[in-house]
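Observations on chain architecture
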Amino acid sequence: MQIEFVSPDTGLAPRTVLAFAVPEGEASSFQDGVFAAAVAASRFTGARGQVLQVHGAADRVILVGAGKIAEFDALAAEHAAASAYAAVKTSGLECLRLVPAVDTGEFAARAALGLRLAAYRFDKYRTREPADKKPSIAAAQIVTGHAAAARAAMPPLAALADAVVFSRDLVSEPANILHPVEFARRVKALEALGLSVEILGEPEMADLGMGSLLGVGQGSIRESQLVVMRWNGAADPAAQPVAFIGKGVCFDTGGISLKPADGMEDMKWDMGGAAAVAGLMHVLAGRKAKVNAVGILGLVENMPDGNAQRPGDVVTSMSGQTIEVINTDAEGRLVLADAVWYCQDRFKPRFMIDLATLTGAIIISLGNDYAGLFSNNDELAENLLSASKGEEEPLWRMPLPKAYEKQIDSPIADMKNVGGRPGGSITSALFIQRFVNGLPWAHLDIANTAWKKPSTVPTIPDGATGYGVRLLNRLVADHYEERA
């Protein structure tokens, strides 16, 4: 979508929808007879998310609720723009002209971000879609008296939008297209942004002793990969980095512990954690963040062929710790065990954050909106919670009680990979913690937030969300990036 900032006196382009973002309680301020009559005949109050279509000078006019003016912020500006787009995207008209509720350069720029994210659509495999089902809005104008300030604010937001789209595309791809090698290839292409990307194949991982990760993928004809992404944006290229690790199970059948057939097609998005880390590194490079950062992606495919890992097998991780594999469908933590150890052992980062679509138990615990946050470090946890509020990617901190450790003790190995149904998300996090080696660490279980259908957030269409990219970008910008 082409987006521009225009002054209030700019003429209307042909085939334009004119949208006014209206604060709650101020709908009556529209004194024009047509507007006043439409508002009076409706229940439109300006509450966030409301849309009212009326007749006017443009091809179509809509009023969009912006919510209470005292609570209006950058996210409200995004939502108003996104709601306007959703209301008219298949209208047959071609341009959306938005008059924001509050006119500042920052809010205009954030409205543009909202439009970019709301317009996301993964349609590359649709060949016979009717024309009237396709979006017709191809351009947008945001009316502002602060166009220069809005343009100045856009570059980092444009980089963020590009990164979220990249992450959503990865999650949306079917598994026959996006297997581990193809995922790694797409990430390697990000070197054009200035990232350094290293790819380890199975022989290299075997030499490192990554028996935990390699065991997950041994039933697949697709080779497992470990991708190492690096961005050196700090003044000192040798400064201690921050580190992020993503679970990248490109398809998860459950292995020999086979999942039920119903809904298994959704397991193409079991690499949402790796996609989020790739998206984060994309935006850090895209906006030239003043930080050194490492991203590690553990990419595998969990398949049930004759060479597949069996329940009861014992594997040796890179750390030297042994793991009894009770359930082959608890595979993400096996991937993370080696990826986390490799990260802390090689890079000695300031902290590590892993992201994983790890457990169905987190959905039972927190529903569909809050990702689970587990951490051994209060400062890191508080910084994540603060960042989550600013980007509307909510987190809820969960406990890591030492008493639950006994649930993952094994009678024949150092540990087992499941601890039973009680506290399933907690014991999974405790498992990963055994490979952290005392470093400040946080684990984000995003099984309930990486994919939304239906979505209730106007900037997130149904499907892949890109959850984590915005959250972690804000975390770095607010707390760990060098100041000018």
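See the structure shown above.
Definitions and cut-offs
- Residues numbered from 1 in each chain as written.
- Predicted model: local features only at pLDDT ≥ 70, side-chain atom pairs only at ≥ 80, totals over all residues.
- Heavy atoms only, no water.
- Helix = DSSP H or I, 4+ residues; strand = E, 2+ residues; numbered from the N terminus.
- Rg over C-alpha atoms; globule rule 2.2 N^0.38 Å.
- Buried < 20%, exposed > 50% of the residue type's maximum accessible area, 1.4 Å probe, protein only.
- Contact = heavy atoms within 4.5 Å.
- Areas by Shrake-Rupley, 256 points an atom, 1.4 Å probe, with all protein chains shown as cover.
- Lys, Arg positive; Asp, Glu negative; His and termini not counted.
- Charge placed at Lys NZ, Arg CZ, Asp CG, Glu CD.
- Patch = residues over 30% accessible without salt bridge, like charges linked within 9 Å, V, L, I, M, F, W, Y side chains within 5 Å.
- Salt bridge = Lys/Arg side-chain N within 4 Å of Asp/Glu carboxyl O.
- Phe/Tyr/Trp six-rings, centres within 6.5 Å; stacked < 30°, edge-to-face > 60°.
- Pairing = 2+ DSSP bridges.
- Axes fitted to C-alpha atoms, helices over the stretch in contact; angles between N-to-C directions.
- Core = buried A, V, L, I, M, F, W, Y, C linked by side-chain atoms within 4.5 Å.

When helices and strands are counted, the chain shows 13 helices and 19 strands. Against the 2.2 N^0.38 benchmark of 23 Å for 484 residues, the chain shows a C-alpha radius of gyration of 24 Å, consistent with a compact globule. With the C-alpha coordinates aligned to their principal axes, the bounding extent of the chain is approximately 80 × 50 × 40 Å. Here the chain holds 484 residues, and 56% of them are scored as buried. Taking contacts inside the chain between residues at least 6 apart in sequence as the whole, the part at least 24 apart equals 78%. Surface summary for the chain: the accessible area is close to 19,200 Å², and the carbon and sulfur share equals 52%. Positive and negative charge centroids in the chain, built from 45 and 55 side chains respectively, lie 3 Å apart.

Before going further, it helps to examine a negative patch on the surface. A cluster of acidic residues, E24, E71, D73, E106 and E392, forms a negative patch on the protein surface. The class of E392 is partly exposed, set by a relative accessible area of 35%.

This part covers the packing of aromatic side chains. Tallied over the entire structure, the rule returns seven aromatic pairs. An aromatic cluster of three or more residues is present, and its members are F244, F351 and Y480.

Relative to the assigned elements, F251 resides in strand β9 (residues 242-252). Taking C-alpha positions, F251 is 40 Å from E4, a pair spaced 247 residues apart along the chain. Ignoring any residue separated from it by four or fewer positions in sequence, one finds F251 in contact with A175, M264, E265, M267, K268, V300, E301 and N302.

The six strands are arranged β1-β6-β5-β2-β4-β3 in an open sheet whose pairing can be described as mixed. Among the strands making up the open sheet, the edge pair consists of β1 (2-6) and β3 (51-54). Strand-to-strand twist of the sheet, defined as the mean angle between neighbouring strand axes without regard to direction, takes the value 20°. With seven bridges connecting them, strand β2 (residues 16-23) and strand β4 (residues 60-67) associate as parallel partners. Pairing of P23 across the sheet is with G67, part of β4. Across the sheet, helix α3 (residues 105-118) is in contact with β1, β5 (95-99) and β6 (139-143); its angle to β1 comes to roughly 160°.

Turning our attention to the environment of A37. As for its position among the elements, A37 is in helix α1 (residues 33-40). Sequence separation between A37 and V54 is 17 residues, and the spatial gap between their C-alpha atoms is 9.3 Å.

As a further point, take the pattern of salt bridges. In total, this model carries 26 salt bridges according to the counting rule given. The residue D313 makes a salt bridge to R310 at a minimum N-O spacing of 3.2 Å. A relative accessible area of 17% means that D313 is categorised as buried. When its relative accessible area of 48% is taken as the criterion, R310 is described as partly exposed. Each of E78, R110, E391, R470, R474 and D478 takes part in salt bridges that share partners, so that together they form one network.

In this section: the side chain of E481. Within the secondary structure layout, E481 lies in the segment after α13 (469-480). For E481, a relative accessible area of 14% puts it in the buried group.

On to the nonpolar core. Ranked by internal contacts, the top residues of the largest apolar core, which has 101 residues, are F183, F244, L297, I353, L384, L444 and L472. Here this core gets twelve residues from one element, more than from any other, and that element is helix α4 (residues 147-172). Leave out the neighbours within four places in its chain, and L384 touches I353, L373, L395, A442, L444, L471, L472 and L475.

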